[in-house]
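# Coordinates in review
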Amino acid sequence: MLPVTKTTLPSLEVYAAYLEQIWQAGQLTNNGPLCRQLTFDIASYLRVSNLELVTNGTLALQLAIKALNLKGEIITTPYSYVATTNSILWEGCEPVFVDIEPQTFCINSELIEAAITKKTSAILATHVYGYPCNVIRIQQLADEHKIKVIYDAAHAFGVRLAGESILQHGDCSTLSFHATKLFHTVEGGAVVCKDAEVTKRVFLMKKFGHIGEDDYLDIGINAKMSELHAAMGLCVLPRVNDIIAARKECSGWYDEQLEGSLLQWPVPPVGLEYNYGYYPVIFPSHDVMMKVRQTLLDNGIGPRRYFSPSLNTLPFLKPELKRACPMSENISSCVLCLPLYVGLSKAEIDVVCDLIRRTLQGGVTL
Ligand SMILES: *Cc1c(COP(=O)(O)O)cnc(C)c1O
């Protein structure tokens, strides 16, 4: 089976060397030496300051919402993983869905203003597949209306725009280091904040709001990263440039093989340094996509319908939250992410592309 992604595992010896260190230090969690080292190394790699490691990317979103003290309505994208919407709901806020743009599949910044009301406290947008939102326009709107901005940057590890980390934008950006992501700590994540005060709140809140012996300063939760997870991060981080390079090569092979077919691709903005986190393609219709998906599955290839359903149609939303988002609904119904990981061979990509091309030709003339 060719999966959509495969976790990059370090050699067991390299991981074991970190385990030795943990055993010697005798500290398994609570911001131990490996966590502190990983915080420093990731911040240096990404060239950001104010970074807090957490247990996963979902808690990163929830902590960002809490630390910015958001209430009421949060304008958000319908085209993302379900965690983006769930974190808003879990924090007792209302998601207000604004449709996406056809080039990057990110929230359409031209449609945001019409959705702002007196109750709007923030915009929570996803750099989906690592393609950046229109960060300049979104910041203008946020400044004009005095609302906050959070970016779900779960896909955007290492992405740079105009020479700068995409994580510099917004009040907070959140990362996921889940095993399926480009850089991982098995489970893990981080919050990157613009403001040092907000970072302090995240730091406090991720450890119960409890500091020192008996100071309980705020409502907190437990979102600390353990030393064993940090150790995995320290093994994988030195390989990230190679991981990105390998994924770039695979993406290039797909591009070559699929050029001239009836597929559509996201259109990256000028000045993007991409991380090749995903290889999404849009089929001409839902039926064609489903037919290709079945053909691939029949041949032991497991593409994924990232991202479907469009989040404005989630079954557990109150009916009044299910605003129509035709672009997102359409893309969701026609998209597949193709296998993309380190170690995927050119021959395997040829097989995938051959099956797609043949099904497309058959599918279109039928
Ligand atoms: C993976 C992902 C998350 C959740 O991250 P976890 O670390 O799995 O909790 C959130 N948002 C997006 C867009 C994701 O892809």
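Everything numeric in this text was worked out from a predicted model, so none of it was measured. (Residues numbered from 1 in each chain as written. Predicted model: local features only at pLDDT ≥ 70, side-chain atom pairs only at ≥ 80, totals over all residues. Heavy atoms only, no water.)

Spanning 14 residues, helix α2 (residues 33-46) covers 20 Å between terminal C-alpha atoms, matching the ideal 20 Å at 1.5 Å per step. For α2, the full list of buried residues reads Leu34, Cys35, Leu38, Ile42, Ala43 and Leu46. For α2, the angular spread of buried residues about the axis comes to 160°, placing them on one side. Count one or two residues on from α2 and you reach Arg47, which has phi positive near 55°. (Helix = DSSP H or I, 4+ residues; strand = E, 2+ residues; numbered from the N terminus. Expected span 1.5 Å × (residues − 1). Buried < 20%, exposed > 50% of the residue type's maximum accessible area, 1.4 Å probe, protein only. Arc of directions from axis to C-beta.)

Looking now at the site of the ligand. The ligand sits among 15 residues. The nearest are Gly57, Thr58, Asp152, His155 and Lys181. Side-chain polar atom of His155 to an oxygen atom of the ligand: 2.7 Å apart, as the coordinates give it. Within the side chain of Lys181, one N or O atom sits 3.2 Å away from an oxygen atom of the ligand. Judged by the proximity of its atoms to the pocket grid, the ligand belongs to the largest pocket. At the level of elements, α3 (57-67) and α4 (82-90) are the ones that each hand at least two residues to the shell around the ligand. (Near = heavy atom within 4 Å. Polar contact = N/O pair within 3.5 Å; in protein donor to acceptor, adjacent residues only side chain to side chain. 1 Å grid on protein atoms, 1.4 Å probe; cavity = no way out; pocket = protein on both sides within 12 Å on 5 of 7 lines; lining within 4 Å. Sits in = over half its atoms within 2 Å of the grid points.)

So, on to a nonpolar patch on the surface. Where nonpolar side chains cluster on the molecular surface, the patch consists of Trp23, Leu28 and Leu228 and spans about 340 Å² of accessible area. Relative to the elements of secondary structure, Leu228 occurs in helix α7 (residues 227-236). (Patch = residues over 30% accessible without salt bridge, like charges linked within 9 Å, V, L, I, M, F, W, Y side chains within 5 Å. Areas by Shrake-Rupley, 256 points an atom, 1.4 Å probe, with all protein chains shown as cover. Salt bridge = Lys/Arg side-chain N within 4 Å of Asp/Glu carboxyl O.)

Here we take up unusual backbone geometry. With an omega of 5°, the peptide bond between Tyr306 and Phe307 qualifies as cis. Here Phe307 shows up in the loop between α9 (286-298) and α10 (326-334). Here Ser308 and Pro309 are connected by a cis peptide whose omega angle stands at 5°. Relative to the elements of secondary structure, Pro309 occurs in the loop between α9 and α10. A positive phi angle, close to 65°, is found at Asn30, a residue other than glycine. On the secondary structure map, Asn30 appears in the loop between α1 (12-25) and α2. On the accessibility criterion, Asn30 (47% relative accessible area) is partly exposed. A positive phi angle, near 50°, is found at Ala162, a position not held by glycine.

Across the sheet, which stays open at both edges, the 3 strands sit in the order β7-β6-β12 with antiparallel pairing between neighbours. Each edge of the open sheet is held by one strand with a lone partner, namely β7 (164-165) and β12 (272-273). With 2 bridges joining them, strand β6 (residues 160-161) and β7 adopt antiparallel strand pairing. The residue of β7 that forms the bridge with Leu161 is Glu164. (Pairing = 2+ DSSP bridges.)

This part takes up the sheet that holds strand β4 (residues 120-126). If you trace the 7 strands from one edge of the open sheet to the other, you get β1-β9-β8-β5-β4-β2-β3, paired in mixed fashion. The open sheet terminates on both sides in strands that have one partner only, identified here as β1 (51-54) and β3 (94-97). The sheet shows a mean angle of 25° between the axes of neighbouring strands, direction not considered. Sheet topology places strand β8 (residues 172-176) next to strand β9 (residues 189-193); 5 bridges connect them, and they run antiparallel. Each residue of the ladder has a partner; that of Thr174, found in β9, is Val191. Packing against the sheet, α2 makes contact with β1 and β8, and its axis sits at approximately 130° to β1. (Axes fitted to C-alpha atoms, helices over the stretch in contact; angles between N-to-C directions. Contact = heavy atoms within 4.5 Å.)

Glancing now at the domain arrangement of the protein chain. Domain annotation of the protein chain identifies domain 1 (12-238) and domain 2 (240-360). For domain 1 versus domain 2, the distance between C-alpha centres works out to 25 Å. Buried area between domain 1 and domain 2, summed over both chains or domains, comes out near 3400 Å², and the portion from carbon and sulfur atoms is 67%. Among the residues of domain 1 in contact with domain 2, Tyr129, Tyr131 and Leu182 are the three that bury the most area, contributing 21% of the side total. Here domain 1 and domain 2 share 1 salt bridge between them. Our count for the contact surface shared by domain 1 and domain 2 stands at 15 residue pairs in polar contact (both at pLDDT 80 or more). Within the side of domain 1 that touches domain 2, the residues separate by chemical class into 28 nonpolar, 10 polar and 4 charged. (Domains from an automatic or database assignment. Buried area = accessible area lost by both parts, 1.4 Å probe. Nonpolar A, V, L, I, M, F, W, Y, C, P; charged D, E, K, R; others polar.)

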